[in-house]
Amino acid sequence: YEEIKAAEKAEKDRLEQERIDGIKKRIDNCESESYRIIQNTTIENVDIHKTMIDAFFNADFDYEEFDILFEQAKARIQTSWDLKCSDIQEKESQRVENERLQKEAEQAKIDSVIEQVNAPTTVSTEQLNEIIDNNPDVILNPIVANIINSKFEQINAQENIDEFNKKQDKHDDNALEQDIN
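In this report, the structure presented in the accompanying data block is examined. (Residues numbered from 1 in each chain as written. Predicted model: local features only at pLDDT ≥ 70, side-chain atom pairs only at ≥ 80, totals over all residues. Heavy atoms only, no water.)

### A word on helix α4 (residues 125-134)
Stage number 1. Residues of α4 that are buried: Thr125, Leu128 and Ile131. Buried residues of α4 fall within an arc of 120° about the axis and therefore sit on the same side. In α4, those exposed residues whose orientation departs by more than 90 degrees from the buried face are Glu126, Glu130, Asp133 and Asn134. (Buried < 20%, exposed > 50% of the residue type's maximum accessible area, 1.4 Å probe, protein only. Helix = DSSP H or I, 4+ residues; strand = E, 2+ residues; numbered from the N terminus. Arc of directions from axis to C-beta.)

Structure representation (structure tokens):
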């Protein structure tokens, strides 16, 4: 009889230990999986990952006398999540600021090239080519390219006018010389 009672008690103890181990394992798995999700969270997937973590901790499950362990794990995960979100927000703010600064720098370079091209002093073809060589990335900007092309056209037109005037002056000089003779 005692052996039967001992066997029943052993079975009862084993089942109780399985129940306890099962609950603790579920809490550990929720926490481990939540940490894995948090570690892989980025600005692009923050919403879906928050939903996944919430699903772990809002599942309909009775943790019985281990509710306090579950609540402690939940609090640790919430703290980790808050830190991760803060880090993501900080990195995103920095990325946006870097992007803004890069655009400002690009615009300043564009403005500088436009200023050089449109300088009140005469710009030669050689100077334009030097500007292009020194600023190859800026020249890809369509506005700058149009301004430079217009300047080349102006220079070419002015050179043609100057050439024509030289020929005209030479012709006038020859005509004046013939009149004198």
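Picking up after the structure, the text goes on.
### With respect to the state of the cysteines
Stage number 1. For the structure on display, the rule yields 0 disulfides.
Stage number 2. Summary of cysteine pairing: cysteine 30 is not part of a disulfide, and the nearest cysteine sulfur, belonging to cysteine 85, is at 19 Å. (Disulfide = S-S within 2.5 Å.)

### Side note on helix α3 (residues 67-117)
Stage number 1. Relative to the 75 Å expected for 51 residues at 1.5 Å per residue, α3 spans 74 Å between its end C-alpha atoms, a close match to the ideal helical length.
Stage number 2. Listing the buried residues of α3 in full gives Phe70, Ala73, Ile77, Ser80, Trp81, Lys84, Ile88, Ile110, Val113 and Val117. (Expected span 1.5 Å × (residues − 1).)

### Thoughts on the packing of helix α1 (residues 2-39) against α3
Stage number 1. It is at 10 Å that the axes of α1 and α3 come closest, and there the two elements cross at 0°. One way to sum up the angle between α1 and α3 is to call them roughly parallel. Residues Lys24, Ile27, Glu31, Ser34, Tyr35, Ile38 and Gln39 of α1 pack against Leu69, Phe70, Ala73, Arg76, Ile77, Ser80, Trp81 and Lys84 of α3.
Stage number 2. Within the contact of α1 with α3, the residues separate by chemical class into 8 nonpolar, 3 polar and 4 charged. (Axes fitted to C-alpha atoms, helices over the stretch in contact; angles between N-to-C directions. Parallel < 35°, antiparallel > 145°, perpendicular 65-115°, else oblique. Contact = heavy atoms within 4.5 Å. Nonpolar A, V, L, I, M, F, W, Y, C, P; charged D, E, K, R; others polar.)

### Things to note about the packing of aromatic side chains
Stage number 1. Per the counting criterion, the structure on display carries 3 aromatic pairs.
Stage number 2. Aromatic pair phenylalanine 57 and phenylalanine 70: ring centres 5.5 Å apart, planes at 40°, arrangement tilted. Residue phenylalanine 57 is found in helix α2 (residues 46-57), and its partner phenylalanine 70 is found in helix α3; the two are separated by 13 residues along the sequence.
Stage number 3. In this structure phenylalanine 70 comes out as buried when scored by relative accessible area, which is 6%.
Stage number 4. Relative to tyrosine 63, the ring of phenylalanine 61 lies with its centre 4.7 Å away and its plane at 65°, an arrangement referred to as edge-to-face.
Stage number 5. The class of phenylalanine 61 is partly exposed, set by a relative accessible area of 32%.
Stage number 6. Residue tyrosine 63 is classed as buried on the basis of its relative accessible area, which comes to 2%.
Stage number 7. In textbook terms, an aromatic cluster arises when at least three aromatic residues are bridged by ring pairs, as seen for Phe57, Phe61, Tyr63 and Phe70.
Stage number 8. Here the guanidinium or amino end of arginine 26 rests over the ring plane of phenylalanine 61, the centre of that ring lying 4.0 Å away. (Phe/Tyr/Trp six-rings, centres within 6.5 Å; stacked < 30°, edge-to-face > 60°. Lys NZ or Arg CZ within 6 Å of the ring centre and 35° of its normal.)

So yeah, pure geometry; function would need other evidence.
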